[in-house]
Amino acid sequence: MISGELLAIAVSTGAAAFVLVAMLTELTRRFAVWLGIVDRPGASRPHRRPTPYLGGIAIVVGTLLPIGMLVRDWDLQIVTIMASAVLVALLGAIDDCRPLRPVWRLMLESVAAAMVVATGVRIEFFGNWIDAAAALVWIVFVTNSFNMIDNTDGVLGSIGTASAGILSVAALVTGQPTIALLLLSIALGCLGFVAHNWSPARIFMGDAGSLFIGFTLSACAVTVFGKTGPATALPGLLLFTFIPTLDTCLAIIARQRAGRPWLIASPDHLAHRCVAAGFTPRQIALLMCGATTATSLLGMHVLLGWVPRLVSLAGLLCTGIALVTLLLKAPSRYPSPRAHRAHRVRRAKSVAMASSEGRH
């Protein structure tokens, strides 16, 4: 039973997050344009005009500020999750301005995940250090999965809204109201951002936003499902992150088969294959949002025991393998990884030139 006070805080938090992110996104868009932090059209980019980054900063501030002002019951775990998510967002903001080497990103993300795991957030399978290691690897993997799927207008914002919104209900069911409020704030914040990021996007969230959303969602998902036992935790974690996880597995396998490095961006993703199949960016965003809603609702049924857990896990794995197998045969519309790497180098040079002009 939800108390009146909790309901009032939830409504206030969600509404404030939506409004703040929607307003701050426009301010950060103008600020990014003024600084010259924009993604210019290139061979590997579908947009036709320079589009500013830094939308992720609006998401971070707009989602965390209401939580900080309205929530009263704090514990070390939730504070660590939020602080670590901010650190990951700062890492993403640096990468937006001056691209970092993938190995450095993974190392810093692992440090942030280790901070969360040190507070007791883990997937309890064996009752030893393996549980903590599994939680750390999962958080880092899902964080980067959300980052990798942010390649089409409106996609990540839509997925974040659906996944975080339903996961907030799961957190409430498991007796974690503060986690539920944080997830609700992220869900409504993502929705506020989508208004600016819907195709054709006026601003991108960049790595700052995608890493922040992925890290917070993955850490909260482990908090919700980590102590429910392997039969519930495995399908639950996979269902709430099914589309980003599927997309990452598809990209990694495609790159392995083609002899390309796993961590070097290339057009192997689900959205790229949807574009080749004739889908528009808006249709892709709606499709992925719908699929995320369906899998997340199924995850809720698993948590409540309304769906056989082992049957759902087996069906999920079979579905994932079948989809990856089929999608690997689908063509991709976007060009080569070399063109994408060249574009990132051009972006770094343009940011450096803009900064130099600003100083003079």
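Model, not experiment: these values are computed from the prediction.

Across its full length, the protein chain holds 14 helices and two strands. Burial statistics for the protein chain: of 360 residues in total, 52% are counted as buried. Once local pairs closer than 6 in sequence are excluded, the contacts in the protein chain between residues at least 24 apart make up 77%.

To continue, consider the confidence of the model for the protein chain. Caution applies to low-pLDDT regions: their predicted coordinates should not be interpreted in detail. For the protein chain, the mean per-residue pLDDT works out to 86, and 89% of the residues sit at or above 70. Counting interchain partners and residues more than four positions distant, the pLDDT-below-50 stretch residues 335-344 has 21 contacts.

Next up on the list: helix 2 (residues 55-70). A rise of 1.5 Å per residue sets the reference length of helix 2, with its 16 residues, at 22 Å; its end C-alpha atoms lie 24 Å apart and thus fit the reference within 8%. Next to the buried residues of helix 2 lie helix 1 (4-35), helix 3 (76-97), helix 7 (177-197) and helix 8 (206-225).

An ideal rise of 1.5 Å per residue puts 27 Å on 19 residues; helix 13 (residues 309-327) measures up with 27 Å between its terminal C-alpha atoms. Along helix 13, the positions that sit buried rather than exposed are Ser 312, Leu 313, Leu 316, Gly 320, Val 324 and Leu 327. The buried residues of helix 13 all sit within an arc of 100° when viewed along its axis, so they share a single face. Exposed side of helix 13, more than 90 degrees from the buried face: Leu 310, Val 311, Cys 318, Ile 321 and Leu 326 are the residues found there. Residues of helix 13 that are buried sit in contact with helix 9 (230-240), helix 10 (242-258), helix 11 (270-276) and helix 12 (281-304).

On to the side chain of Arg 29, then. Along the chain, Arg 29 falls in helix 1. According to the relative accessible area criterion, Arg 29 is buried, its value standing at 18%. A distance of 3.0 Å separates a polar atom in the side chain of Arg 29 from a polar atom in the side chain of Glu 26. Excluding its chain neighbours within four sequence positions, the residues that come into contact with Arg 29 are Pro 52, Arg 202 and Ile 203.

The next thing to look at is unusual backbone geometry. Here the residue pair Ser 199 and Pro 200 is connected by a cis peptide bond, since its omega of -5° sits within 30 degrees of zero. Topologically, Pro 200 is positioned in the loop between helix 7 and helix 8. Positioned with a positive phi, Leu 54 is a non-glycine residue whose angle comes to about 75°. For Leu 54, a relative accessible area of 5% gives the class buried.

Attention shifts here to the nonpolar core. Residues Leu 167, Leu 182 and Met 288 are the most contacted members of the largest nonpolar core, which totals 83 residues. Top contributing element to this core by residue count: helix 8, with eleven residues. Excluding anything up to four places from it in sequence, Leu 182 contacts Leu 64, Ile 67, Ile 78, Ile 81, Met 82, Thr 216 and Cys 220.

Now for the packing of aromatic side chains. For any pair of aromatic rings, the description consists of the separation of the ring centres together with the inter-plane angle of the planes. Enumeration over the complete set of coordinates arrives at five aromatic pairs. On the basis of an interplanar angle of 40° and a centroid distance of 6.0 Å, the ring pair of Phe 31 and Trp 34 is categorised as tilted. Of the two residues, Phe 31 and Trp 34 both sit in helix 1, three residues apart, roughly one turn of that helix. Given the relative accessible area of 43%, Phe 31 is considered partly exposed. Judged by relative accessible area, which is 66%, Trp 34 ranks as exposed. Plain terms: the ring middles of Phe 225 and Phe 240 are 5.6 Å apart, the flat faces sit at 50° to each other, and that makes the pair tilted. Remark: Phe 240 occurs in helix 9 and Phe 225 occurs in helix 8; sequence separation between them is 15 residues.

In the contact formed by helix 4 (residues 102-117) and helix 5 (residues 129-148), the axes pass within 9 Å of each other and the chain directions differ by 130°. On the basis of the axis angle, helix 4 is oblique to helix 5. As helix 4 packs across helix 5, the resulting crossing turns out to be right-handed. On the side of helix 4, the interface is formed by Arg 105, Leu 106, Glu 109, Ser 110, Ala 113, Ala 114, Val 116 and Val 117, while helix 5 contributes Ala 132, Ala 135, Leu 136, Ile 139, Val 140, Asn 144 and Asn 147. Per-class residue counts for the contact of helix 4 with helix 5 are ten nonpolar, three polar and two charged.

Calculation rules
- Residues numbered from 1 in each chain as written.
- Predicted model: local features only at pLDDT ≥ 70, side-chain atom pairs only at ≥ 80, totals over all residues.
- Heavy atoms only, no water.
- Helix = DSSP H or I, 4+ residues; strand = E, 2+ residues; numbered from the N terminus.
- Buried < 20%, exposed > 50% of the residue type's maximum accessible area, 1.4 Å probe, protein only.
- Contact = heavy atoms within 4.5 Å.
- pLDDT = per-residue confidence, 0-100.
- Expected span 1.5 Å × (residues − 1).
- Arc of directions from axis to C-beta.
- Polar contact = N/O pair within 3.5 Å; in protein donor to acceptor, adjacent residues only side chain to side chain.
- Core = buried A, V, L, I, M, F, W, Y, C linked by side-chain atoms within 4.5 Å.
- Phe/Tyr/Trp six-rings, centres within 6.5 Å; stacked < 30°, edge-to-face > 60°.
- Axes fitted to C-alpha atoms, helices over the stretch in contact; angles between N-to-C directions.
- Parallel < 35°, antiparallel > 145°, perpendicular 65-115°, else oblique.
- Left-handed = near helix turned anticlockwise from the far one by under 90°.
- Nonpolar A, V, L, I, M, F, W, Y, C, P; charged D, E, K, R; others polar.

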